[in-house]
Every structure is written in structure tokens, then in C-alpha cells.
Amino acid sequence: MSLHSLYVDLNSYFASVEQQLRPELRGKPVGVLAVMADTTCCIAASIDAKRFGIKTGTPVWQARKLCKDIVFVEARPKTYVEIHHQIVAAVESCTPVGAVLSIDEMACELTGRDREEANAVALGKQIKRAIYEQVGDLLHSSVGIAPNRFLAKTASNMQKPDGLTVIRQNELPQRLYGLRLGALTGIGRATEARLNSFGIHTVEQLCAASKNTLRQAWGGIEGERFYAKLRGENLASAPTQRASVGHSHVLAPELRDAASALPVLYRLLHKAAMRLRHYNCCAGGLSLHLSYQQARGNAPAHWTDRIRFSPHADTLQFNRLLAELWHRRPPDPAPILKVGVTLLHLTEPGQVARDLFDPDDQHQALNSALDQINQRFGPNSLYFGGAHSGLGSAPMRIAFRHVPELQVENDG
């Protein structure tokens, strides 16, 4: 009865949805692109494409080199969100979903007799069938079952595609020894480098390290939590707080000049501001990020600047701050490839100390009307003029661990 968590991970989700909805793509290597341009990269690859070594982040030119028959399609984020909700409903028809971790991952807590291995495995198979029958037979998933959510996610990655893997308490930690450090959730490149500096280069060495060593390697309590998770302890999730809201966009080739990029930035900013108010937050900082295409010589490939201010959620003020950052940028060394804006230092409105000389919520009614009209009549029904020529750009995107809310972010 030591199994507590079941994890569902959809395989090649965006590409599988495309193959489900477009039968002519089935059985073919498919790459999903955010924008149809040779200078971009795949944001998803079908199971068939992955057999050629194509994966998320593979540039278009390299994908064509690896597989001359690959078919590229433009992403449809709204569709992926709609199918996501159908999948959640299908899983819910079998067992409650404890947490949606991303658009293609969710965790379920096992209770009662479902903690027995035979019943947990039967439940995992039932969930797979429910997704096939209620949503689509091209939507394969890998299911992991383990003593905690961390290990269940690890198990879901051990057999892809279409796997079902159980990690048992009595197999720990030896069952993990064959994995790479980077295969464990929470160990990115920076963390792996820190672990290496402590003489930890393998998962076996990680499991043999003391609790204190891991605390030092992580620089805090998360190291102790990782020590416990490796041993199957079922810890409560650490509290999280939203730190930022932002959007970025790879520009189409015809929009890679300053005059075209700025309206797209305003469009991104307006979307971020609407999300900020939807979350009932204020922002105390704004960051602007530009990436350049094939910058020559010693020219920088990126430029970032940010500005701090008294926290608020006013789009009109955000517009002025973005204009200030835009005018602070140095001469563009090359065509602008990608733009991004991020609202930083979020806080709840009740925690904000208002500026003594600034009228309190002077544009609150305007922002409220803006949000209500766009939610009722569709996005871009009402907007600030700076975004006018960018309205056709910067469509909805799906970020890691963020499922867009169609009511707020639907671009039609």
C-alpha cells in the first residue's frame, strides 16, 4: 500500500493533436512551429519525427537535414487548450485529478484500494482507454505510478511512448541508478553543475549523498526535500507564489524591423496586463527583452532592460514604461528576431503602499471596462492604439507549466 501517486504525461502532445484532427498527417514525421519560418525551431515533434532525432528546440533547417520528409504545421494553441480540457475530463471520469502541472501533464493521488499495485495499474490502463475513447485514439500517454508525485513523474518518463511504469518502495533507490541526473525533475544544467562541484556525477552518487550535502548543494531546504523524495517520502508540495507574468513572440520575417516590432510588444504587454488583473495582482517592475537575428562580429545577440516602479496594474502606465524602455535601447545591431515583455515583482493589491502623490487607482474603471468588453465580445474588441498594427501578431502561446485561460488569453 506504498503507492500514493499516478502521473499522466501525454506523448508529443501538440503534434499528436494535429495528427488526431488531420488524418493526412498520421504516420508521418510532423514538426509543430510557432510561426511558419525557416529561421525558427520546432516547439513539438511527433512520435514519428522523434525517431529521426528531431525534438523540441530542433531548428527547421536541422529537422529537414535529419528527415527530408518532415511536414511542418503551424501551432494552434487554442485548439490544444480545448483538447487539454477534454483530456482532463476523461481522466476525471476515472479518478480525481489532483493537479494539472502543464497542458500535457497531470497528477492523481491514489487512495484506498487504488494504492495496491494491481488496482493502480488497472486504473492507469483505464485512464489510457478513457483518453482514447473520449478524446482520440492518437493521443497516447505514459503513466507513472510511485510512492510520491516526484517518482511518479520520473516513472512516466522511463517508458515512452505509451508506457506504464511502476516504481515500488522496496526498489528504492536502486531503481533510479540507471538514470541521468538531468532526467530527474528539479535538476537543470545549473543544479547539475553545482552537484558536480560536490563530486556528484551520477544518480547513484546523488542517492548516496547525505541530507546535509544535498542541502548545501541546493543552498537550502530544497536539498533536504530532494533527499526525502528520492526515498519515496510523500511530502506536501512546497508553497508557490506567482513571481511574474509575461509573453514573448518570434517575429515573422516581414516584422523584424523596429517599426513593426514595437506594436507587437504593445500587444504582448496588453495581454500580460489583462492576465495580471485576472490574477488580482499588481506589478512593480517591467522587463523588455530583444533577440537579434545573426548579429555580426562582437554585436550582442540579446538586449534586456528593466524598470522598477510603485506596484500597480494599469495598462496606460505600463504603456508609458514600455515606451521608456524602448527608447533606452541601443541601436539594433541586426534584425529583431524575438521580442518579450515581463511584468515583475508581483504582489496582491492589498499589500501595495500607494504613492502619496499619485491618485489612487486613477484608471481602475478604464482597465475594468477594457477587460470586461474584451472578455464578452472577443479579444481586441477594445485596445490601445499602440498595438494596432500588431493585432495580427503574437497569438496565444502555451508556456511551460502554464495552461492559457481562454477567457483571458483567447485570440479568436
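The preceding data block contains the structure.
Residues numbered from 1 in each chain as written. Predicted model: local features only at pLDDT ≥ 70, side-chain atom pairs only at ≥ 80, totals over all residues. Heavy atoms only, no water.

K.L.:
Can you lay out the pattern of salt bridges for me, pointing to particular residues and giving the numbers?
P.N.:
On inspection of all chains with the given rule, the structure shows 18 salt bridges. A salt bridge links Asp 38 to Arg 64, with the nearest nitrogen and oxygen atoms 3.1 Å apart. Placement of the pair is Asp 38 in the loop between β2 (30-33) and β3 (42-45) and Arg 64 in helix α3 (residues 60-66), with a sequence separation of 26 residues. According to the relative accessible area criterion, Asp 38 is exposed, its value standing at 53%. For Lys 128, the salt bridge is made with Asp 162, and the minimal N-O distance between the two is 3.0 Å. On the criterion of sequence distance, the pair formed by Lys 128 in helix α5 (residues 117-134) and Asp 162 in the loop between α6 (149-156) and β8 (164-166) is long-range, its members being 34 residues apart. The buried category is assigned to Lys 128, whose relative accessible area is 8%. (Salt bridge = Lys/Arg side-chain N within 4 Å of Asp/Glu carboxyl O. Helix = DSSP H or I, 4+ residues; strand = E, 2+ residues; numbered from the N terminus. Buried < 20%, exposed > 50% of the residue type's maximum accessible area, 1.4 Å probe, protein only.)

K.L.:
Residues and numbers for the packing of aromatic side chains, please.
P.N.:
For the structure shown, the criterion picks out six aromatic pairs. In this structure an aromatic cluster arises from ring pairing among Tyr 13, Phe 14 and Tyr 80. Here the guanidinium or amino end of Arg 231 rests over the ring plane of Tyr 227, the centre of that ring lying 3.7 Å away. When the ring centre of Trp 326 is taken as reference, the NZ or CZ atom of Arg 329 above it lies at 3.8 Å. (Phe/Tyr/Trp six-rings, centres within 6.5 Å; stacked < 30°, edge-to-face > 60°. Lys NZ or Arg CZ within 6 Å of the ring centre and 35° of its normal.)

K.L.:
Go over the sheet that holds strand β1 (residues 5-10) with me, naming the residues and quoting the values.
P.N.:
Pairing is mixed in the open sheet, where five strands are placed in the order β5-β6-β1-β7-β8. The open sheet terminates on both sides in strands that have one partner only, identified here as β5 (99-102) and β8. Ignoring which end each strand starts from, the neighbouring axes of this sheet average 20 degrees apart. Bridge analysis of β5 against strand β6 (residues 105-109) gives three bridges, and the strand direction is antiparallel. Paired with Ala 99 across the bridge in β6 is Ala 107. Contacting β1, β5, β6, β7 (141-146) and β8, α6 runs over the sheet at an angle of about 140 degrees to β7. (Pairing = 2+ DSSP bridges. Axes fitted to C-alpha atoms, helices over the stretch in contact; angles between N-to-C directions. Contact = heavy atoms within 4.5 Å.)

K.L.:
Run through the side chain of Thr 165, naming residues and quoting values.
P.N.:
Looking at the element boundaries, Thr 165 is found in strand β8. You can call Thr 165 buried: its relative accessible area is 7%. One polar contact links Thr 165 to Gln 159, side chain to side chain, over a distance of 3.5 Å. Sequence-distant contacts of Thr 165, that is, excluding residues within four places in its chain, are made with Val 143, Gly 144, Ile 145, Ala 155, Met 158, Gln 159 and Arg 175. (Polar contact = N/O pair within 3.5 Å; in protein donor to acceptor, adjacent residues only side chain to side chain.)

K.L.:
Break down the state of the cysteines for me, with residues and values.
P.N.:
Inspection of every chain in the model, using the stated rule, returns zero disulfides. Distance from the sulfur of Cys 108, which forms no disulfide, to the nearest cysteine sulfur (Cys 94) is 8.8 Å. (Disulfide = S-S within 2.5 Å.)

K.L.:
Hey, could you go over the packing of helix α11 (residues 258-278) against helix α12 (residues 315-328) for me, with residue numbers and the actual values?
P.N.:
Axis separation between α11 and α12 bottoms out at 10 Å; the angle between their running directions is 145 degrees. As α11 packs across α12, the resulting crossing turns out to be right-handed. Residues Ala 258, Ala 261, Leu 262, Leu 265, Tyr 266, Leu 269, His 270, Ala 273, Leu 276 and Arg 277 of α11 form the contact with α12, whose own contacting residues are Thr 315, Phe 318, Asn 319, Leu 322, Ala 323 and Trp 326. Residues that form the contact of α11 with α12 fall into these classes: twelve nonpolar, three polar and one charged. (Left-handed = near helix turned anticlockwise from the far one by under 90°. Nonpolar A, V, L, I, M, F, W, Y, C, P; charged D, E, K, R; others polar.)

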